[in-house]
Amino acid sequence: MYTISPEMYKKLYPYVRIEDQAGGFKKEDFFYERREYVKKAPVVVDINTADSAQLDEIKGVGGPFANRILKYRERLGGFFKKEQLLEVYGLNSAKYNEIKGQVALSHIPLRIVNLNTAQFNDLKSNPYLSYKQINAIIQYRKQHGNYTSPADLKKIVILNQQIIDQITPYIAF
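Quick notes on the rules
- Residues numbered from 1 in each chain as written.
- Predicted model: local features only at pLDDT ≥ 70, side-chain atom pairs only at ≥ 80, totals over all residues.
- Heavy atoms only, no water.
- Helix = DSSP H or I, 4+ residues; strand = E, 2+ residues; numbered from the N terminus.
- Buried < 20%, exposed > 50% of the residue type's maximum accessible area, 1.4 Å probe, protein only.
- Contact = heavy atoms within 4.5 Å.
- Areas by Shrake-Rupley, 256 points an atom, 1.4 Å probe, with all protein chains shown as cover.
- Phe/Tyr/Trp six-rings, centres within 6.5 Å; stacked < 30°, edge-to-face > 60°.
- Salt bridge = Lys/Arg side-chain N within 4 Å of Asp/Glu carboxyl O.
- Patch = residues over 30% accessible without salt bridge, like charges linked within 9 Å, V, L, I, M, F, W, Y side chains within 5 Å.
- Core = buried A, V, L, I, M, F, W, Y, C linked by side-chain atoms within 4.5 Å.
- Expected span 1.5 Å × (residues − 1).
- Arc of directions from axis to C-beta.

Peer 1: Can you tell me about the overall build of the protein, naming the residues and giving the values?
Peer 2: Summing up its helical and strand segments, the protein has 8 helices and 4 strands in all. When its helices and strands are written in sequence order, the protein yields α-β-α-α-α-β-β-α-α-α-α-β. Relative to its 173 residues, the protein shows a buried fraction of 30%. Summarising the internal contacts of the protein: among those between residues at least 6 apart in sequence, 54% fall at separations of at least 24. Looking at the protein as shown, the accessible area adds up to about 12900 Å², and 54% of this sits on carbon and sulfur atoms.

Peer 1: An account of the packing of aromatic side chains is needed here, citing residue identities and associated values.
Peer 2: This model, assessed by the stated rule, comprises 5 aromatic pairs. Judged by centre distance (5.7 Å) and plane angle (45°), the ring pair of Tyr9 and Tyr13 falls under tilted. Overall, the relative accessible area of 47% leaves Tyr9 in the partly exposed class. Here Phe120 and Tyr131 contribute two aromatic rings whose centre-to-centre distance is 5.4 Å and whose plane-to-plane angle is 15°, an arrangement assigned as stacked. One end of the pair, Phe120, is in helix H5 (residues 120-123); the other, Tyr131, is in helix H6 (residues 131-144), with 11 residues separating them in the sequence. A relative accessible area of 57% places Tyr131 in the exposed class.

Peer 1: How would you explain the pattern of salt bridges if you had to name every residue and give the values?
Peer 2: Considering all chains together, one arrives at 3 salt bridges under this definition. Residue Glu74 pairs with Arg111 through a salt bridge whose shortest N-O separation is 3.7 Å. Of this pair, Glu74 sits in helix H3 (residues 63-76) while Arg111 sits in the loop between strand S2 (103-104) and strand S3 (113-114), and the two are 37 residues apart along the sequence. Judged by relative accessible area, Glu74 falls into the exposed class, the value being 56%. Its relative accessible area of 34% is what places Arg111 among the partly exposed residues.

Peer 1: Would you mind going over a nonpolar patch on the surface in detail, with residue names and values included?
Peer 2: Judged by side-chain polarity, Ile4, Met8, Tyr9, Leu12, Tyr13, Val16 and Ile18 come together as a nonpolar surface patch covering roughly 750 Å² of accessible area. Its location among the elements puts Ile4 in the segment before helix H1 (6-12).

Peer 1: Before we move on, can you summarise the nonpolar core with the specific residues and values?
Peer 2: Counting residues in each nonpolar core, the largest one holds 39 residues, and the members touching the most others are Leu55, Ile69, Leu85, Ile137, Leu153 and Leu159. Contributions of two or more residues to this core are made by H3, helix H4 (93-99), H6 and helix H8 (161-167). Sorting elements by how many residues they give to this core places H3 first, with 6 residues.

Peer 1: Break down H3 for me, citing the residues and quoting the values.
Peer 2: Taking 1.5 Å of rise per residue, the 14 residues of H3 would be expected to cover 20 Å, and the 20 Å separating its terminal C-alpha atoms lies within 8% of that figure. Listing the buried residues of H3 in full gives Phe65, Ala66, Ile69, Leu70, Tyr72, Arg73 and Leu76. Down the axis of H3, the buried set is contained in an arc of 165°. They therefore lie on one face. Across H3 from its buried face, at more than 90 degrees, point the exposed residues Pro64, Lys71 and Glu74. On its buried face, H3 is in contact with helix H2 (52-56). In the segment just after H3, Gly77 is the residue with positive phi, at about 100°.

Peer 1: Which residues make up H6, and what values do they have?
Peer 2: When the terminal C-alpha atoms of H6 are compared, their 20 Å separation across 14 residues agrees well with the 20 Å that a helix rising 1.5 Å per residue should span. For H6, the set of buried residues is Gln133, Ile134, Ile137, Ile138, Tyr140 and Arg141. One side of H6 carries all its buried residues, which in axial view fall inside an arc of 160°. Of the exposed residues in H6, those oriented more than 90 degrees away from the buried face are Tyr131, Lys132, Lys142 and Gln143. Buried-residue contacts for H6 involve H5, helix H7 (150-153) and H8. Once H6 ends, the next one or two residues include Gly145, with phi positive near 95°.

Here it is as structure tokens:
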């Protein structure tokens, strides 16, 4: 759209002719009426049972991000605390603080793996364990017998206390 200065408009005004239209125009035809948008009420969504559409209702979570949460939940076997959302790719602490009031956590049964009978494929979906760590868990069991508690995992050199704490809700003996 082109604009002209007020001085130029005054010079051109005597030469401008606009014919009256047969139907006539109303002032409302030319002005946009400003409407107030109603903000959606914040919703609380259970991250352990929600599907992607329900996760998308969380303010600050879009479709692709909802899918990432679902994939991570499936890989984990369920969330046991809200803070695990920080482990989802692309979610930083600022975004987590924005959405943490909109998420709830139901206590559904987590996918538990028995370490005394687990094979490599049973453990590989756990995001907290690397291939070397999984291999070490299996080899230690073969050499020393069945595990009886999480304290037995401390004997494996490449497992630190943080990793043991992270996998404890997902393992059985």
